[in-house]
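Listed here are the chains, written in short residue letters.
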Amino acid sequence: MQATDTSDPSYFHKVVDCQWACPAHTPVPEYIRLIGQGRYDDAYMINWVSNVFPGILGRTCDRPCEPACRRGRVEENNHAKPEPVAICRLKRVAADFKSDVSARMPSIAAPNGKRIACVGAGPASLTVARDLAPLGYEVTVYDSSAKAGGFIRTQIPRFRLPEEVIDEETGYILDLGVQFNSGQRVDSMQALLKQGYDAVFVGCGAPRGRDLEVPGRKEAAENIHIGIDWLASVSFGHVTKVGERVIVLGGGNTAMDCCRSAKRLGGKEVKVVVRSGFEEMKASPWEKEDAQHEGIPILNYHVPKSFQHSNGKLTGMTFELVRAEYDAQGKRKLVSTGEPDVLIPCDEVLVAVGQENSFTWIEAECGITFDKWGLPVLGKGTFQSTLPQVFFGGDAAYGPKNIITAVAHGHEAAVSIDRLLNGEDVAQRPAPMTNLMSQKMGIHEWSYHNAVSNDNRFKVPWAAAEKALASIRIEVELGFDAATAFKEASRCLNCDVQTVFNRGTCIECDACVDICPMDCITFTPNGDEAELRARLKAPAENTTQDLYISAELKTGRIMAKDEDVCLHCGFCAERCPTGAWDMQKFLLNTTQAGPRSRDIAAPVITPEAA
């Protein structure tokens, strides 16, 4: 194998699994350490630069960082399944305990004469506005609603996300000088382009919920509702009650929000019914757990056949019972079990079987190309449409996903817009800035807490069930208190404090090999990767994480380290008599809109230069 190129910014970034997995690449260990130190304002602002909505995402994020967390895969615990650090809920801690951070928001540059229109006031558009307004761009956001937030405001129930949190965090962005044209629906792209905007960003989401066309749909239409529309009606107070017997169709997060909302609006028998198996449901595991915790059953492998009705009134639904069969390629097919159809009585049905885009307001003659699925054709990584001054992001770009992905799209689209309006190629993306800094405070002392223990994940307290289920607006999760937040933050393994090897000072004494608690360091002859992985001191079986390979040492051997299971405990650096190992904190500053993103010749700080 070739020696590892640690000057590549992505190498050590990939070792920080949580940050690598986050679409916005939030520096997770950095802000968790700050929370552990009680520096909540600093932790909040680090989040705000990356993910823009710490208080919102601290309650609602899909948490792609947590399945990637090293704690969840290397910890040996005989009492419970190893669990990742509660990264998402620690993000909320920063938001809950911070002081007034308004003075720390970016200053606004002088107007540069360029005008940007953002269609929709959801997370993608607001991220574009947050990145471009401080640079002197005149940003105007259009939305049909009275308040900003998009689907964050209309589709996430208040028992999960209080409105004051949305108001605060959208307010930070609007206060950057952004013009918010509330109550103004954009119904013509041509008309918008005629207003002379230098660029247009489309972040209008996927606003149309899929319907279910089975017999009885039209006859019982009065008691059948599209899930996302129903949630919006609940949010705005247009719907305040529901029938006693409610069926929610669908297995995604929207379905979970629908069933839990129905429970709070008077539903006594609320059931979720899905075509797939429980494990195949698209809803996040904790969303399913929350619904079940509130006494809502989830019925699997039920395929809708018809709506039952009498005199125009819905009375129930019939379902075919199926099972999953898989072919040799692992492709699933649902086949009937042969059992009689099941009738489930109900008074109302909420259809949450998916969402889709609706671009009827974009005229064909605009020059924007859409693919066979009705999605815009976009430049890879640039979010630029076939009409160069028009960009897409969030659900409007690639279909329904989640808030943090929409934020990531917004950051990248803002870089593209900034480069376009400064006459530069949008496809060229400057590398992120990286740095490595030794954490050595003494021979055996580090500037970070590096004791490793097997600790169970701390549970977030909930409001009492009788109180939480009595109102649609009482927040269920109460968040960590400061003491529990400190203990949970202490579970972080500080994966951004990297084990950096200097072959020039290594004397091959194998002291690091002897002391490593995970047996992840091996001095051995080189070889092909597959063969080398198999003969390390502990076989490195996770091929998605790299091996750290040194150049040839004096004996002809190489140092091979399995980055997958390393605890970043620093024992190797403490034991090394020559300082060949050092613990160095890795910092990644992602490329964002601004002068540095426009200068592709800007210097990148490499580990060698740090």
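See the structure above.
Presented here is an overview of the structure given in this document.

Rules used in this analysis
Residues numbered from 1 in each chain as written. Predicted model: local features only at pLDDT ≥ 70, side-chain atom pairs only at ≥ 80, totals over all residues. Heavy atoms only, no water. Pairing = 2+ DSSP bridges. Helix = DSSP H or I, 4+ residues; strand = E, 2+ residues; numbered from the N terminus. Axes fitted to C-alpha atoms, helices over the stretch in contact; angles between N-to-C directions. Parallel < 35°, antiparallel > 145°, perpendicular 65-115°, else oblique. Left-handed = near helix turned anticlockwise from the far one by under 90°. Contact = heavy atoms within 4.5 Å. 1 Å grid on protein atoms, 1.4 Å probe; cavity = no way out; pocket = protein on both sides within 12 Å on 5 of 7 lines; lining within 4 Å. Points joined across faces, edges and corners; volume = space filled by probe spheres on them. Nonpolar A, V, L, I, M, F, W, Y, C, P; charged D, E, K, R; others polar. Buried < 20%, exposed > 50% of the residue type's maximum accessible area, 1.4 Å probe, protein only. Salt bridge = Lys/Arg side-chain N within 4 Å of Asp/Glu carboxyl O.

To continue, consider the sheet that holds strand 22 (residues 547-549). Here we have three strands laid out as an open sheet, ordered 21-23-22, and antiparallel in their pairing. Edge positions in the sheet fall to strand 21 (521-524) and strand 22, since each has one partner strand and no second. Taken over all neighbouring pairs, the strand axes of this sheet differ in orientation by 25° on average, direction set aside. In this sheet, strand 23 (residues 558-562) lies alongside strand 22 in antiparallel orientation, the contact comprising three bridges. In the strand pairing of strand 23, I549 is matched with A560.

Next up on the list: the packing of helix 3 (residues 28-36) against helix 8 (residues 87-97). Axes are the key here: two packed helices are described by the angle between their axes and the distance separating the axes. Where helix 3 contacts helix 8, the axes come no closer than 10 Å and their chain directions differ by 50°. Classed by the angle they form, the pair helix 3 and helix 8 counts as oblique. Classified by chirality, the crossing of helix 8 by helix 3 is left-handed. In this structure, helix 3 uses V28, Y31, I32 and I35 to contact helix 8, whose residues at the interface are I87, L90, K91, V93 and A94.

Turning to the layout of surface pockets, a few remarks are in order. Approximately 750 Å³ is the volume attributed to the second largest pocket. Around the second largest pocket, the lining comprises 22 residues; the ones closest to its centre are R63, E83, W286, E289 and R457. Across the lining of the second largest pocket, the residue classes break down as ten nonpolar, one polar and eleven charged.

Running from N to C, helix 9 (residues 123-132) and helix 17 (residues 403-420) cross one another at 40°; their axes reach a closest spacing of 7 Å. Relative to helix 17, the element helix 9 is oriented oblique. Every pair of crossing elements has a handedness; the one defined by helix 9 and helix 17 is right-handed. On helix 17, the residues that touch P123, A124, T127, V128, R130, D131 and L132 of helix 9 are I403, A406, V407, G410, H411, A413, A414, I417 and D418. Tallied by class, the residues present in the contact of helix 9 with helix 17 amount to ten nonpolar, three polar and three charged.

One can find R596 in helix 23 (residues 595-598). Residue R596 is classed as partly exposed on the basis of its relative accessible area, which comes to 26%. In sequence terms R596 and A431 are 165 residues apart; their C-alpha atoms lie 10.0 Å from each other.

As for its position among the elements, M437 is in strand 17 (residues 433-438). In this structure the C-alpha to C-alpha distance between M437 and A464, which are 27 residues apart in sequence, comes to 46 Å. Residues in contact with M437, not counting those within four places in the same chain, are M583, Q584 and K585.

Before going further, it helps to spend a moment on the pattern of salt bridges. Applying the stated rule across the entire model yields 48 salt bridges. Here R39 and D42 are joined by a salt bridge, their closest N and O atoms 3.0 Å apart. On the basis of relative accessible area, R39 is assigned to the partly exposed category, the value being 39%. With its nearest N and O atoms 2.9 Å apart, the salt bridge here joins E287 to R160. Taken together, the residues span a long stretch of sequence, with E287 in helix 15 (residues 285-293) and R160 in the loop between helix 10 (151-155) and helix 11 (163-174) at a distance of 127 residues. An identical accessibility class is assigned to E287 and R160; each is buried.

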